[in-house]
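# Results of the structural survey
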Amino acid sequence: MATGRSTQNNPNPAAGNRRSRGRGIPDATVARLPLYLRALTALSERSVPTVSSEELATAAGVNSAKLRKDFSYLGSYGTRGVGYDVEYLVYQISRELGLTQDWPVVIVGIGNLGHALANYGGFASRGFRVAALLDADAALTGQLVAGLPVRHTDEMEEIVRSERVSIGVITTPPVAAQQVCDRLVAAGVTSILNFAPTVLNVPDGVDVRKVDLSIELQILAFHEQRKAGDDLDDADAEVPAAQPAAVVSEGTELEEAAG
């Protein structure tokens, strides 16, 4: 099976220039749109009517020049001296991300992580509806999680088709992830969010986003080690600086005493 397009952590330096489907928005810009939307939603909840590019960039964690460039792809340029209309940008970005329609999602693998995702309240408010929870453990079948009964994976294909699911979330152990992925894709799912610590092979036309918490923690551990190493280097650099002066001083005193 061919490997489909992965949209996360692409090592290709030209990836930032690749254009997404539709209106020709670069993938790097698409990846930042949810950051802008989150910041704008927070402003909207505080009834803030307008925001400058500098304020919004700071809230989203990017520089203002990049933000203005990103928004130019949406055809939104703001008003000099006023800034951007918050409510309009919320609508505009939501529409561009496809969040103005309902997206049925299935979660496969109802362990601890699957439970947590099922109970996540942000799905509905962001345009996603959990259509079904699936697990291969027959002992879980019928149990209610976040108000939904867990259904057996034997029903996967029927659920995907009847609920018109296009997004699947995989939270299974890694040994089962590829088989689950194959079944979801064969049933018609074209986007996969993968939490299993393994690489999935998918056909062309299927997008995969991988979330690996262990990798993120390892990256943080690397930076912590570097910071600790810098602190040790700084401490080591201070010690020799004091020693030569003491040696010279002691030597001078001995010479004077001998003289």
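Just above sits the structure.
Presented here is a report on the structure given in the accompanying data block. (Residues numbered from 1 in each chain as written. Predicted model: local features only at pLDDT ≥ 70, side-chain atom pairs only at ≥ 80, totals over all residues. Heavy atoms only, no water.)

## Describing the packing of aromatic side chains
For the structure on display, the rule yields three aromatic pairs. Both rings, one in Tyr36 and one in Phe71, keep their centres 5.0 Å apart while their planes meet at 75°; by these two values the pair is edge-to-face. Of this pair, Tyr36 sits in helix H1 (residues 27–45) while Phe71 sits in helix H3 (residues 64–74), placing them 35 residues apart in sequence. The residues Tyr36 and Phe71 share a single accessibility class, namely buried. Where Tyr120 meets Phe123, the ring centres are 5.2 Å apart and the plane angle is 80°; that geometry is what we call edge-to-face. Among the aromatic residues, those joined into a cluster by ring pairs are Tyr36, Phe71 and Tyr84. (Phe/Tyr/Trp six-rings, centres within 6.5 Å; stacked < 30°, edge-to-face > 60°. Helix = DSSP H or I, 4+ residues; strand = E, 2+ residues; numbered from the N terminus. Buried < 20%, exposed > 50% of the residue type's maximum accessible area, 1.4 Å probe, protein only.)

## What to know about the pairing of strand S4 (residues 103–108)
Across the six residues that make up S4, a large majority, five, are buried. One ladder, built from six bridges, connects S4 with strand S5 (residues 128–135); its direction is parallel. By the bridge assignment, Val105 is partnered in S5 with Val130. The pairing of S4 with strand S8 (residues 167–170) spans four bridges and is classified as parallel. Within the sheet, the bridge partner assigned to Val105 lies in S8 and is Ile167. (Pairing = 2+ DSSP bridges.)

## Remarks on the side chain of Gln92
Along the polypeptide, Gln92 turns up in helix H4 (residues 86–96). Residue classification places Gln92 among the buried residues on the basis of a relative accessible area of 2%. At a separation of 2.9 Å, a polar atom in the side chain of Gln92 contacts the main-chain carbonyl oxygen of Leu74. In contact with Gln92, other than residues within four places in its own chain, are Leu74, Gly75 and Ser76. (Polar contact = N/O pair within 3.5 Å; in protein donor to acceptor, adjacent residues only side chain to side chain. Contact = heavy atoms within 4.5 Å.)

## What to know about helix H8 (residues 174–187)
With 14 residues, H8 extends 20 Å between its outermost C-alpha atoms, agreeing within 8% with the 20 Å of an ideal straight helix rising 1.5 Å per residue. Within the sequence span of H8, burial applies to Ala177, Val180, Cys181, Leu184, Val185 and Ala187. What you see down the axis of H8 is that its buried residues fit within an arc of 150°, all on one side. In H8, the exposed positions that point more than 90 degrees away from the buried face belong to Val175, Gln179 and Ala186. Positive phi shows up at Gly188, right after H8, with a value of about 125°. (Expected span 1.5 Å × (residues − 1). Arc of directions from axis to C-beta.)

## Regarding the nonpolar core
Grouped together as the largest cluster of nonpolar side chains are 23 residues, with contacts concentrated most on Ile170, Leu184 and Ile192. Breaking this core down by element, the ones donating at least two residues are S4, S5, helix H7 (156–162) and H8. Sort the elements by how many residues they give to this core and H8 lands first, with six residues. Other than its neighbours up to four places away in sequence, Ile170 contacts Val108, Ala177, Val180, Cys181, Leu184, Ile192, Leu193, Asn194, Phe195, Ala196 and Leu200. Ala39, Ala60, Leu89 and Val90 belong to the second-largest nonpolar core, a separate cluster that totals 20 residues. (Core = buried A, V, L, I, M, F, W, Y, C linked by side-chain atoms within 4.5 Å.)

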